[in-house]
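Residue-level structural notes
Chain by chain, the residues run as shown.
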Amino acid sequence: MNKFEDIIEKLDLQPHPEGGYFKETYRSHGEIDTLKESYKGNRNYSTCIYFLLTSDTFSAFHRIKQDEIWHFYDGSPIRLHTISSTGVHSEFVIGRDFDKGQVPQLVVPGGDWFAASVVGEDNYALVGCTVAPGFHFDDFELPTRKELISKFPKHKEVITALTHH
């Protein structure tokens, strides 16, 4: 068993619909019951997951309504791409080599499309993702490659690389 398989087993991670493996580690008991009309129902104050990617997987472009904070824990750095609602593409590296401009924590603004992959071959990355208000699959969008390219044709190359179909 290699290191990432050991982590998957020890942390009881499961496959995630966007790619990689995850486990919810925290969901606040308290709920927010007065949110904008774009939300259906109540949301917990906050949620948190472990999220593991390997070099042969990626987190496909998706978006949620809430801000999502990524926290780096172990392994190789993660390259995270965002596309704002106005079509601005940004690229970040989440890791621990501060001299190379990596950051150990990154906030993805709610409503931005984002995708991530592990830097390098034969590597893995273990991160945590915190969402506030708490994550709910009703707030999750996973577009097809064609849908996203039709919205942002100038970013076809990165969208093609980080979508499944």
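Structure first, text after, so check above.
Anyway, here's the lowdown on the structure attached to this text. Numbers given for residues are sequential positions, taken from 1 along each chain in its written order. In view of the model being predicted, local features appear only for residues whose pLDDT reaches at least 70, and side-chain atom pairs are presented and counted only at 80 or more, with totals across whole chains, interfaces and linings using the full set of residues. With hydrogens and water stripped out, all remaining heavy atoms of the structure feed into the side-chain values.

1. Some remarks on the pairing of strand 11 (residues 113-118)
What counts, and what does not: When accessible area is computed with a 1.4 Å probe and restricted to protein chains, residues below 20% of their type maximum are described as buried, those above 50% as exposed, and intermediate ones as partly exposed. The way it works is that DSSP assigns letters per residue, a run of H or I at least four long becomes a helix, a run of E at least two long becomes a strand, and they are numbered from the N terminus. Any two strands with at least two DSSP-identified bridges between them are counted as paired.
Counted residue by residue, strand 11 has 6 buried out of 6 residues, so it is predominantly covered. The alternating pattern of strand 11 places Trp113, Ala115 and Ser117 on one face and Phe114, Ala116 and Val118 on the opposite face, and all of these are buried. Sheet analysis places strand 6 (residues 58-64) next to strand 11, joined by 3 bridges and oriented antiparallel. Its bridge partner being in strand 11, Ser59 is matched across the sheet by Ala116.

2. So, the nonpolar core
A general tendency of soluble globular proteins is for nonpolar side chains to be buried together. Rule in force here: To form a nonpolar core, buried Ala, Val, Leu, Ile, Met, Phe, Trp, Tyr and Cys residues must be joined to one another through side-chain atoms within 4.5 Å. Here a residue-residue contact requires only that any non-hydrogen atoms of the pair lie within 4.5 Å.
Core analysis: the biggest nonpolar cluster contains 16 residues, and Phe51, Trp70, Ile78, Leu80, Ile94 and Val127 have the highest contact counts within it. The residues contacting Ile94, other than those within four sequence positions of it, are Trp70, Phe72, Pro77, Ile78, Leu80, Val103, Pro104 and Leu106. Phe58, Ala60, Phe61 and Ile159 belong to the second-largest nonpolar core, a separate cluster that totals 12 residues.

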